[in-house]
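# A look at the structure
In case you want the letters, here they are:
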Amino acid sequence: MTQDELKVMVAKEALKYIPKDGVLGVGSGSTVVKFIEQIGLNHVKVPAAVSSSNKTTSLLEERGIKVLDPNTVPGYDVYIDGADEVDPDFHMIKGGGACLTREKILTSMAKKFVLIVDKSKLVKVLGKFPLPVEVIPMAREQVIRTLKTLGGEPVLRKDCITDNGCEIVDVHGLTIDDPVALEDKINAIPGVVTVGLFARRGADVILYATEDGVQVIEK
């Protein structure tokens, strides 16, 4: 079974978590694209949504789903998104698609975060996937100098401007033993918009696809 087929499998399973009433939070990335496709193919009604990226917004609107400004939503029940890595404590690295800041905003507003991944994204310790950090452009070099003191090698992501008009620095070579502490430390660096560690607000439910079907883990 290919990775693409696994993504379709978990995307179909995630349809069960769409609330019948109210707002659905939708993330970004290749697995989320499959999820949005399955919403259309299965004619699932989504009353309204909040979106973590311009691309996601376009895909939702193409299927007739009303996308709301998060500023008009005091909170909502379910956010569905993927991740680049997730550890046994439901901590994640996100941001491979450069939408980490908006994703983090939407997770903070949701009562439940449902993570959809294939089995390759499950790891014992975070850090094999380069850790994305969104930075204000004028602070880029100072942030890079500071990140070097934390270990790993920060590299500016080429030809990448986020939906917020910022840049991404990817930190390679980290072994993240304490995701919560590292999230706090990087977020405190002046010029950092946010880091792609989702540890203080991790997932509540993990759906992960295997050749034997979709497995479900709940906190």
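An account of the accompanying structure is given in this report. The model shown is predicted, which means the values in this text are computed figures rather than measured ones.

Turning our attention to the sheet that holds strand S13 (residues 213-218). Across the sheet, which stays open at both edges, the 6 strands sit in the order S2-S1-S3-S6-S12-S13 with mixed pairing between neighbours. Single-partner strands in this sheet number two, and they are strand S2 (48-51) and S13. Pairs of neighbouring strands in the sheet enclose a mean axial angle of 20°, with direction left out of account. Sheet strands touched by helix H3 (residues 54-62): strand S1 (23-26) and S2. Its angle to S2, the strand with the most contacts, is close to 160°. On top of the sheet, helix H4 (residues 100-109) reaches S1, S2, strand S3 (76-81) and strand S6 (110-118); it is set at about 145° to S3, its chief contact.

Pairing is antiparallel in the open sheet, where 3 strands are placed in the order S4-S5-S11. Two strands close off the open sheet at either side, each with one partner strand: strand S4 (85-86) and strand S11 (197-198). Direction of pairing for strand S5 (residues 92-93) relative to S11: antiparallel, over a ladder of 2 bridges. Residue Met92 lies in a different strand from S11, and its bridge partner there is Phe198.

Before going further, it helps to examine the nonpolar core. As a rule of thumb, nonpolar side chains are buried together in soluble globular proteins. Residues Leu24, Phe35, Ile80, Val114, Ile116 and Leu207 are the most contacted members of the largest nonpolar core, which totals 25 residues. If you list the elements that add at least two residues to this core, you get helix H1 (3-14), S1, helix H2 (30-41), H3, S3, S6 and strand S12 (205-210). If we skip the residues at most four places from it in the chain, Leu207 touches Val10, Glu13, Ala14, Tyr17, Val114, Leu115, Ile116, Val117, Val214, Gln215 and Val216. In terms of nonpolar packing, the next biggest core, distinct from the first, is built from 20 residues, Val23, Tyr76, Tyr79 and Phe90 among them.

Another point: the environment of Val44. Its location among the elements puts Val44 in the loop between H2 and S2. Val44 gets classed as partly exposed once you look at its relative accessible area, which sits at 25%. A sequence separation of 26 residues divides Val44 from Ile18, and the C-alpha atoms of the two residues are 8.5 Å apart. Setting aside residues up to four positions removed in sequence, Val44 forms contacts with Leu15, Ile18 and Ile39.

The next point concerns the layout of surface pockets. Counted as a void, the largest pocket has a volume near 360 Å³. Surrounding the largest pocket, 23 residues form its lining, Ser28, Gly29, Ser30, Gly97 and Glu103 being those nearest its centre. A total of 5 residues in the lining of the largest pocket trace back to one element, the largest contributor, which is H2. Among the residues forming the lining of the largest pocket, the class breakdown is 8 nonpolar, 10 polar and 5 charged.

Among the 6 residues of strand S9 (residues 167-172), 5 are classified as buried, and the element is accordingly described as predominantly covered. Sheet topology note: the strand S7 (residues 131-135)/S9 ladder contains 5 bridges and is antiparallel. In the strand pairing of S9, Glu134 is matched with Ile168.

Looking at where Glu13 falls in the secondary structure, it is placed in helix H1. When the C-alpha atoms of Glu13 and Ala139 are compared, they prove to be 42 Å apart, with 126 residues separating the residues in sequence. Apart from residues no more than four positions distant in its own chain, Glu13 is found in contact with Leu207 and Val214.

Where H1 meets H2, the axes come as close as 8 Å, and the angle between the chain directions of the two elements is 55°. Regarding the angle of H1 to H2, the classification is oblique. H1 and H2 meet at a crossing whose hand is right-handed. Facing Asp4, Lys7, Val8, Val10, Ala11, Lys12 and Ala14 of H1, the residues of H2 in contact are Ser30, Thr31, Lys34, Phe35 and Gln38. A class-by-class count of the residues in the contact of H1 with H2 yields 5 nonpolar, 3 polar and 4 charged.

Reading the values: the criteria
- Residues numbered from 1 in each chain as written.
- Predicted model: local features only at pLDDT ≥ 70, side-chain atom pairs only at ≥ 80, totals over all residues.
- Heavy atoms only, no water.
- Pairing = 2+ DSSP bridges.
- Helix = DSSP H or I, 4+ residues; strand = E, 2+ residues; numbered from the N terminus.
- Axes fitted to C-alpha atoms, helices over the stretch in contact; angles between N-to-C directions.
- Contact = heavy atoms within 4.5 Å.
- Core = buried A, V, L, I, M, F, W, Y, C linked by side-chain atoms within 4.5 Å.
- Buried < 20%, exposed > 50% of the residue type's maximum accessible area, 1.4 Å probe, protein only.
- 1 Å grid on protein atoms, 1.4 Å probe; cavity = no way out; pocket = protein on both sides within 12 Å on 5 of 7 lines; lining within 4 Å.
- Points joined across faces, edges and corners; volume = space filled by probe spheres on them.
- Nonpolar A, V, L, I, M, F, W, Y, C, P; charged D, E, K, R; others polar.
- Parallel < 35°, antiparallel > 145°, perpendicular 65-115°, else oblique.
- Left-handed = near helix turned anticlockwise from the far one by under 90°.

Function-wise, these values are silent; they only describe arrangement.
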